[in-house]
Amino acid sequence: MPLRVVGVDPGLTRCGLSAVDVEPTRSASLVDVTVVGTASTVALDQRVLAIADGIEAWLDRHAPDAVAIERVFTYTNVSNVMGTAQAMGVVLAAAARRGIPVGLHTPTEVKAAVTGSGQADKATVTAMVTKILKLAEPPKPADAADAIAIALAHAWRGAAPGSLAAASSGTAGGLTPAQRAWAQAQAKASGGGRRAEEARLRALARRGR
């Protein structure tokens, strides 16, 4: 049974949303991806409302087992970090309202999970997402590819309860029953093969250069 993860690349101008099904074997398939947002000229309350409406509809449509959000890490532009934080709050509230566990991941963590390098650029992340999901063409715009990468990173690496990446405690033990069953199946399927998988991703990235 696959784990369905909704990945969110938060922002008020552009908020990337993905839904990805990931098997215990780590193979993944894209369910849906989109970008919602608003113009900077729109009043702030209406911008936040638009993101809220978009994420609410997305969660209801795809009924994920988990939500993964790119965590605000560091920005030099205060307006950017404020908009990202506001969008994050909307997503956190929407997930909490539905009892969906949430994980937070830094850009470096996401890049490392998907490409094998925490220093990968956007083009490399997009290329790897395209290869991993066997897509006919790269997802566009970049925010869409980032949202997919965030979902993959969460499914492959998770967010340990109590860690900085864990935005919610979930149920007892930090996982829902569906997540626990998936994690157990993943452990059996992988046989400790995370390092081998990451080596495979690095090899794919080298071939794509």
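How each quantity is defined
- Each chain carries its own residue numbering, running from 1 in the written order of its sequence.
- With the structure being a predicted model, the display of local features is reserved for residues of pLDDT at least 70 and the display and counting of side-chain atom pairs for 80 or more, all residues being used for whole-chain, interface and lining totals.
- Hydrogen atoms and water are omitted, and side-chain values are computed over all heavy atoms in the structure.
- How sure the predictor is of each residue is captured by pLDDT, a score from 0 to 100.
- Segments assigned H or I by DSSP are reported as helices when at least four residues long, segments assigned E as strands when at least two residues long, and all are numbered from the N terminus.
- Per-residue accessibility, obtained with a 1.4 Å probe over protein chains only, is compared with the maximum for each type, and a residue is labelled buried under 20%, exposed over 50%, and partly exposed between these values.
- Throughout, a contact is declared for two residues whenever any of their heavy atoms are within 4.5 Å.
- Whether two strands pair comes down to DSSP finding at least two bridges between them.
- Think of each axis as a best-fit line through the C-alpha atoms, taken over the contacting stretch in the case of a helix, with angles from 0 to 180 degrees between the N-to-C directions.

Observations concerning the confidence of the model for the protein
Across the protein, the average pLDDT comes to 83, with 72% of residues at or above 70. Within the protein, the element-level pLDDT minimum falls on helix α6 (residues 177-190), averaging 58, and the maximum on helix α1 (residues 44-62), averaging 97.

Side note on the environment of V20
Assignment of secondary structure puts V20 in strand β2 (residues 15-22). V20 sits in the buried class, given a relative accessible area of 0%. In sequence terms V20 and P2 are 18 residues apart; their C-alpha atoms lie 9.2 Å from each other. In this view, V20 contacts L3, R4, V5, A28, S29, L30, V31, I148, A151 and L152; residues no more than four positions away in its chain are not counted.

Overview of the sheet that holds strand β1 (residues 3-9)
On the basis of which strands lie adjacent, the open sheet formed by five strands has the order β3-β2-β1-β4-β5 and mixed pairing. Of all the strands in the sheet, the pair left with one neighbour each is β3 (28-36) and β5 (102-105). Between one strand axis and the next, the sheet turns by 20° as a mean value, whatever way the strands run. Pairing of β1 with β2, which is carried by seven bridges, proceeds in the antiparallel orientation. Paired with D9 across the two strands is G16, which belongs to β2. Most of the contacts of helix α5 (residues 142-157) go to β1, to which it runs at about 135°, and overall it touches β1, β2, β3, β4 (66-70) and β5.

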